[in-house]
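# Architecture and fold: a report
Each chain, letter by letter, is given below.
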Amino acid sequence: MSFEFTARLPLSRHELDRDYLARGRPDLFAELWADDSTRVLLLHNGQALLADDGALALLGAAEAPEAEYLIYLGRSIDAAATPFVAAKLSEPAAATLGGDARWGDLRSLGASLGDRDAGLFTEALAMANWHDSHRFSPRSGKPTLSVQGGWVRKAEDDDHQLFPRTDAAIIVGVTDAEDRILLGSNALWKNNRYSLLAGFVEPGESLENAVVREVFEESGIRIAEPVYLGSQPWPFPASIMLGFRAIVDQSLESRLTPDGQEILDLRWFSREELAASLDEIALPGPTSIARAILEDWFGGPIIDRRDW
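What comes next is a walk through the structure. No experiment lies behind these values; they were computed from the predicted model shown.

## Digging into the overall build of the protein
Counting secondary structure elements, the protein contains seven helices and 15 strands. By the burial criterion, 48% of the 308 residues in the protein qualify as buried. A fraction of 65% describes how many contacts in the protein between residues 6 or more apart in sequence connect residues 24 or more apart. A total accessible area of about 15,300 Å² is found for the protein, and carbon and sulfur atoms account for 49% of it.

## Description of the pairing of strand 13 (residues 223-234)
Note that strand 13 and strand 14 (residues 239-248) share nine bridges and pair antiparallel. Each residue of the ladder has a partner; that of Gln232, found in strand 14, is Met241. Counting the residues between successive antiparallel strands, the hairpin from strand 13 to strand 14 contains four residues.

## Digging into the layout of surface pockets
There is about 720 Å³ of room inside the largest pocket. As for the largest pocket, its lining consists of 29 residues, and the residues nearest its centre are Asn186, Trp189, Ala198, Trp234 and Met241. The leading source of residues in the lining of the largest pocket is strand 12 (residues 197-200), at four residues. Its residues placed into classes, the lining of the largest pocket shows 17 nonpolar, eight polar and four charged. Considered as a void within the structure, the second largest pocket measures approximately 380 Å³ in volume. Taken together, 24 residues line the second largest pocket, and the ones lying closest to its centre are Arg18, Thr122, Glu123, Ala126 and Pro233. Those elements that provide at least two residues to the lining of the second largest pocket are helix 4 (115-133), strand 13 and strand 14. In terms of residue count, helix 4 provides more of the lining of the second largest pocket than any other element does, seven residues in total.

## Details of the nonpolar core
Counting residues in hydrophobic clusters, the biggest one holds 49 residues, and the most contacted among them are Leu183, Leu274 and Leu294. Here this core takes eight residues from helix 4, the largest share from any one element. Those residues in contact with Leu183, other than ones at most four positions away along the chain, are Tyr194, Ser195, Leu196, Asp265, Leu266, Arg267, Phe269, Leu274, Leu283 and Leu294.

## Description of the side chain of Arg13
Within the element layout of this structure, Arg13 appears in the segment before strand 1 (16-17). What makes Arg13 buried here is its relative accessible area of 11%. Of the polar contacts made by the side chain of Arg13, one reaches the backbone oxygen of Gly110; its length is 2.8 Å. Side chain to side chain, Arg13 and Asp115 meet in a polar contact 2.8 Å long. Residues contacting Arg13, with those up to four places away along its chain left out, are Arg8, Gly110, Ala111, Leu113, Gly114, Asp115, Ala118 and Gly119.

## So, helix 7 (residues 289-298)
Here helix 7 lies mainly inside the structure; seven of its 10 residues are buried. Restricting attention to buried positions, one finds in helix 7 the residues Ile289, Ala290, Arg291, Ala292, Ile293, Leu294 and Trp297. Elements in contact with the buried residues of helix 7: strand 10 (167-175), strand 11 (181-186), strand 13, strand 14, strand 15 (263-269) and helix 6 (271-276).

## So, the side chain of Glu218
Structurally, Glu218 can be placed in helix 5 (residues 207-219). Excluding residues within four positions of it along the chain, Glu218 makes contact with Leu197, Ala198, Thr257, Pro258, Asp259, Glu262, Ile263 and Leu266.

## What to know about the packing of aromatic side chains
Throughout the structure, instances matching the rule amount to four aromatic pairs. Centre to centre, the rings of Tyr228 and Phe244 are 5.6 Å apart; their planes meet at 70°, and the pair counts as edge-to-face. Here the residue Tyr228 occupies a position in strand 13, and Phe244 occupies one in strand 14, the gap between them amounting to 16 residues. Residue class for Tyr228 comes out partly exposed when judged on its relative accessible area of 42%. Between Trp297 and Phe298, the aromatic rings sit 6.2 Å apart at their centres with planes inclined by 50°, giving tilted as the arrangement. Judged by relative accessible area, Trp297 falls into the buried class, the value being 3%.

## So, the pattern of salt bridges
Under the defined criterion, the tally for this structure stands at 18 salt bridges. Notably, a salt bridge pairs Asp157 with Lys142, separated by 2.6 Å at the nearest N-O pair. Taken together, the positions of Asp157 in the loop between strand 9 (152-155) and strand 10 and Lys142 in the loop between helix 4 and strand 8 (144-147) put the pair 15 residues apart, joining distant regions of the chain. By relative accessible area, Asp157 is classed as exposed at 57%. With relative accessibility at 39%, the residue Lys142 sits in the partly exposed group. When the shortest N-O distance is used, the salt bridge between Asp179 and Arg271 registers 2.7 Å. One end of the pair, Asp179, is in the loop between strand 10 and strand 11; the other, Arg271, is in helix 6, and 92 residues separate them in sequence. Here Arg271 falls in the partly exposed class, since its relative accessible area comes to 27%. Overlapping salt bridges bring together Glu202, Glu205, Arg213, Glu214 and Glu217 as one network.

Scoring rules and cut-offs
- Residues numbered from 1 in each chain as written.
- Predicted model: local features only at pLDDT ≥ 70, side-chain atom pairs only at ≥ 80, totals over all residues.
- Heavy atoms only, no water.
- Helix = DSSP H or I, 4+ residues; strand = E, 2+ residues; numbered from the N terminus.
- Buried < 20%, exposed > 50% of the residue type's maximum accessible area, 1.4 Å probe, protein only.
- Contact = heavy atoms within 4.5 Å.
- Areas by Shrake-Rupley, 256 points an atom, 1.4 Å probe, with all protein chains shown as cover.
- Pairing = 2+ DSSP bridges.
- 1 Å grid on protein atoms, 1.4 Å probe; cavity = no way out; pocket = protein on both sides within 12 Å on 5 of 7 lines; lining within 4 Å.
- Points joined across faces, edges and corners; volume = space filled by probe spheres on them.
- Nonpolar A, V, L, I, M, F, W, Y, C, P; charged D, E, K, R; others polar.
- Core = buried A, V, L, I, M, F, W, Y, C linked by side-chain atoms within 4.5 Å.
- Polar contact = N/O pair within 3.5 Å; in protein donor to acceptor, adjacent residues only side chain to side chain.
- Phe/Tyr/Trp six-rings, centres within 6.5 Å; stacked < 30°, edge-to-face > 60°.
- Salt bridge = Lys/Arg side-chain N within 4 Å of Asp/Glu carboxyl O.

Note that all results are geometric; they support no functional claim without further evidence.
Shown next as structure tokens:
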């Protein structure tokens, strides 16, 4: 079995050299603040400051308020090699920008941002979420400091280094013998929201085994031959989504059964049935890999007034 998957994955786009060797320079941020070409992306409460045209508002270093911490994101891949830095702002620092400051959420904006801005925002948000959840050493309980250009945290009197981590999660477009697709409604969502089945990869587990296990646990469906499609970072707060397609295993007995905890309802949809249901259900938003896999199966864009 094979699937041709050519969908655009909004948060997998980038136009940046991460310039990792520069992270070890002890005076990196002093050098960057002395460089007039440096541009700073401001983050506050999981959102980025936006310009009037909806793109990221990338400020000069001298314009940026004082930050809780800085993250060196890298340089543009064009001849200008523009350096980019993310600055996480406290509430008082964000307030200095005034009440007219416009902030944007990556989940909502990811599909509409350009390649550069989508990559910058995704990297910056993922790193900021990691910083905010690793403020204390798991060994000593002491506060940690940001070092190495914002890519390492460590306690002052401890050589143990903390590095960013990403949680692997699989997401699966399951189809049956009639080429209908399986969608589920999660307990954490409003009851009219449906998406593909997904779950985290467990320790000591391959991606393929995670696909088979998660689909069976959540739906009671046995699948065969999971096929990898592609991946997309999902920094909400710290995941990478690994997309798969799979078909129902006709050699094994399956009974469509929501697990009752994570998944409260399951439905098979033909393309015609899905199109006819768009006034009553909401589908995954255009920033997600779930939407890309769904539209790839559907055969084109799905016009959904209830995107989330």
